[in-house]
Amino acid sequence: MYKRQVGEWLSDWLNQCQTSLRASTYVSYESYVRIHLIPSLGKIPLRRLSALDIDRMQQRALKAGLSARTVELMRSVLRRALAVGLRYDLVSRNVAQLVSAKSGPRYRPTILSADEALDLINGLWEDRLGALFVVAVTTGLRSGELRGLQWQDINLENGVLNVARTLQKDLGGRLVLGDPKTDRSRRSLPLAAVAVEALKTHRDRQALERTWLGEKWLESDFVFTTTTGTPLDGPNLLHHFHRLLLQIGLPKLRLHDLRHSCATLLLSEGVELRVIMELLGHSTIVLTANTYGHVSSGLKREAADRMDGLFRKSDRLP
């Protein structure tokens, strides 16, 4: 009797969901399946896959140096695939739901202090993409949101930016505009004065580039482009960012660390968590709280210290 293997079902499942997922999500799922899940579990008969098999896969991955977050995402992708298999009666239960997450080293983002953020802005101001990094650290936009910005999305006179689309790669590797990550990712953001000034400078610089290149400039409405007017590729932008950081003497950062830095700086200034949730475009306030709980805990300690100071002023206490 033919016994479908885990690897075969994972491949079939990917084919099924290819048209229903955002291209970037599909590419992420495909990567986890191809690089991690199939090599580790692919030969096991689908109906014989056990929680122990998955638990051992997680342990091997952690021992190999993968982060706890990566291992958690591996299990999440497998759980989604098995949920569909359960609907088709290919498995009797979703054993991935029986396995708990494994603890291990997690990526800790590098958070810029206010002084470091200022050094970043001063150091990158003259770069042709300096405004992108200023907008990133002052608004917390994601990489795809930054690269997908068009001039029609920005009102510099009123200091408002609208997130309406994101730039991502399709299944053929081409850069295309797509919908934002979630419904809450569509948002209107007020711009800090420093971001408005940076964008005005950037607009003037881009106009000069367009004039210098003439017909060689590939016209588009993108705010941030290559030197010929084409959309920015994420990895190339990151390499450019790393070179700039090295030049100005700041630690190596991911572009996403500017998003974390923005949220952390806002929290440290007393901005409410719900406001930060809306600015970042998080789907729930729980996500915001879980991501930045370490910062809010410090603020709670400060609040307690202030309360203590208030009552210590009284001579009626022992």
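Placed above this text is the structure.
Just so we're clear, the structure is a prediction, and the values are computed from it rather than from any experiment.

Asker: Mind showing me how you'd approach the pairing of strand S4 (residues 175–178) here?
Answerer: On a regular strand, one side chain projects to one face of the sheet and the next to the other, so that they alternate. Bridge count for strand S3 (residues 166–169) against S4 is four bridges, and the pairing is antiparallel. When the sheet's bridge partners are listed, lysine 169 is paired in S4 with leucine 175. What sits between the antiparallel neighbours S3 and S4 is a turn of five residues, in which glycine 173 has the positive phi angle 85°.

Asker: Can you help me understand the pairing of strand S5 (residues 187–190) in this one?
Answerer: The alternating pattern of S5 places Arg187 and Leu189 on a buried face and Ser188 and Pro190 on a face that is not buried. Alignment of strand S2 (residues 160–163) against S5, held across four bridges, turns out to be antiparallel. Bridged to asparagine 162 within S5 is serine 188.

Asker: How do you make sense of the sheet that holds S2 when you look at a structure like this?
Answerer: The pairing of strands in a sheet comes from backbone hydrogen bonds and takes either a parallel or an antiparallel form. Here we have three strands laid out as an open sheet, ordered S1-S2-S5, and antiparallel in their pairing. Two strands bound the open sheet, and with one partner strand each, they are strand S1 (154–155) and S5.

Asker: What is the right way to look at the pattern of salt bridges in this model?
Answerer: Between side chains of opposite charge, pairing is possible as soon as their charged atoms come close. Per the counting criterion, the structure on display carries 11 salt bridges. Here arginine 187 and glutamate 145 are joined by a salt bridge, their closest N and O atoms 2.9 Å apart. A residue pair is termed long-range when its members are at least 10 positions apart, and arginine 187 in strand S5 and glutamate 145 in helix H7 (residues 143–147) qualify at 42 residues. Comparing arginine 187 with glutamate 145, the two get one shared label, buried. If you follow the salt bridges from partner to partner, you end up with Arg142, Glu145 and Arg187 in one network.

Asker: For this particular structure, what's the right way to read the nonpolar core?
Answerer: If you look at soluble globular proteins, the nonpolar side chains tend to sit buried side by side. Counting 38 residues, the largest nonpolar core has Leu120, Phe133, Leu161, Leu199, Phe224, Phe241 and Leu258 as the members making the most contacts within it. When residues of this core are traced back to their parent elements, those giving at least two are helix H5 (114–124), helix H6 (130–139), S2, helix H8 (193–213), helix H9 (234–248) and helix H10 (255–268). The biggest single contributor to this core is H6, with seven residues. Each residue touching leucine 258, except ones within four places of it in the same chain, is listed here: Leu112, Leu120, Phe133, Ala136, Val137, Phe241 and Leu253. Met57, Met74, Leu78 and Leu90 belong to the second-largest nonpolar core, a separate cluster that totals 31 residues.

Asker: How do you make sense of the side chain of histidine 240 when you look at a structure like this?
Answerer: Mapped onto the elements, histidine 240 comes out in helix H9. Residue classification places histidine 240 among the buried positions, given a relative accessible area of 17%. Ignoring anything within four residues of it in the chain, the contact list for histidine 240 reads Asp127, Leu129 and Phe133.

Asker: Looking at this structure, I do not really get helix H1 (residues 6–17). What am I missing?
Answerer: For H1, built from 12 residues, the straight-helix expectation of 16 Å at 1.5 Å per residue is met to within 8% by its first-to-last C-alpha distance of 17 Å. Looking only at H1, the buried set comprises Val6, Gly7, Trp9, Leu10, Trp13, Leu14 and Cys17. Looking straight down H1, one finds that the buried residues subtend no more than 160° of arc, so they occupy a single side.

Asker: Help me understand the packing of aromatic side chains, please; the structure alone is not making it clear to me.
Answerer: What characterises a pair of aromatic rings is the spacing of the ring centres plus the angle enclosed by the ring planes. The full count for this structure, using the stated rule, is three aromatic pairs. Between tryptophan 9 and tyrosine 88, the ring centres sit 6.2 Å apart and the planes meet at 80°, which makes this aromatic pair edge-to-face. Taken together, the residues tryptophan 9 in helix H1 and tyrosine 88 in the loop between helix H4 (68–87) and H5 connect sequence positions 79 residues apart. Owing to a relative accessible area of 45%, tyrosine 88 belongs among the partly exposed residues under this scheme. Between tryptophan 13 and tyrosine 29, the ring centres sit 5.8 Å apart and the planes meet at 20°, which makes this aromatic pair stacked. Of the two residues, tryptophan 13 sits in helix H1 while tyrosine 29 sits in helix H2 (residues 23–41), which places them 16 residues apart along the sequence. Both residues of the pair, tryptophan 13 and tyrosine 29, count as buried.

Asker: Would you mind showing me how to read the packing of H2 against helix H3 (residues 51–63) here?
Answerer: Helix packing for two helices is described by the angle between their axes and how far apart those axes are. Where H2 contacts H3, the two axes come as close as 11 Å, and the packing angle between them is 125°. With respect to each other, H2 and H3 are oriented oblique. For the crossing formed where H2 meets H3, the hand is right-handed. On H3, the residues touching Leu37, Ser40 and Leu41 of H2 are Asp53, Met57 and Arg60. Of the residues belonging to the contact of H2 with H3, the class tally is three nonpolar, one polar and two charged.

Asker: What is the right way to look at H8 in this model?
Answerer: An α-helical turn contains 3.6 residues, so any two residues separated by three or four positions project in the same direction. Look at H8: 30 Å from first C-alpha to last across 21 residues, which is about the 30 Å you get at 1.5 Å a residue. Of the positions making up H8, those classed as buried are Ala195, Val196, Ala198, Leu199, His202, Arg205, Gln206 and Glu209. Contacts made by the buried residues of H8 are with H6 and S1. Of the residues flanking the end of H8, it is glycine 214, one or two places downstream, whose phi is positive at about 60°.

Asker: Where do I start with the environment of asparagine 94 in this structure?
Answerer: Within the secondary structure layout, asparagine 94 lies in the loop between H4 and H5. On the basis of relative accessibility, which here comes to 5%, the residue asparagine 94 falls in the buried class. Between the C-alpha atoms of asparagine 94 and arginine 79, which are 15 residues apart in sequence, the distance is 6.9 Å. Excluding residues that lie within four positions of it along the chain, asparagine 94 makes contacts with Arg79, Leu82, Ala83 and Leu86.

What counts and what doesn't
- Residues numbered from 1 in each chain as written.
- Predicted model: local features only at pLDDT ≥ 70, side-chain atom pairs only at ≥ 80, totals over all residues.
- Heavy atoms only, no water.
- Pairing = 2+ DSSP bridges.
- Helix = DSSP H or I, 4+ residues; strand = E, 2+ residues; numbered from the N terminus.
- Buried < 20%, exposed > 50% of the residue type's maximum accessible area, 1.4 Å probe, protein only.
- Salt bridge = Lys/Arg side-chain N within 4 Å of Asp/Glu carboxyl O.
- Core = buried A, V, L, I, M, F, W, Y, C linked by side-chain atoms within 4.5 Å.
- Contact = heavy atoms within 4.5 Å.
- Expected span 1.5 Å × (residues − 1).
- Arc of directions from axis to C-beta.
- Phe/Tyr/Trp six-rings, centres within 6.5 Å; stacked < 30°, edge-to-face > 60°.
- Axes fitted to C-alpha atoms, helices over the stretch in contact; angles between N-to-C directions.
- Parallel < 35°, antiparallel > 145°, perpendicular 65-115°, else oblique.
- Left-handed = near helix turned anticlockwise from the far one by under 90°.
- Nonpolar A, V, L, I, M, F, W, Y, C, P; charged D, E, K, R; others polar.

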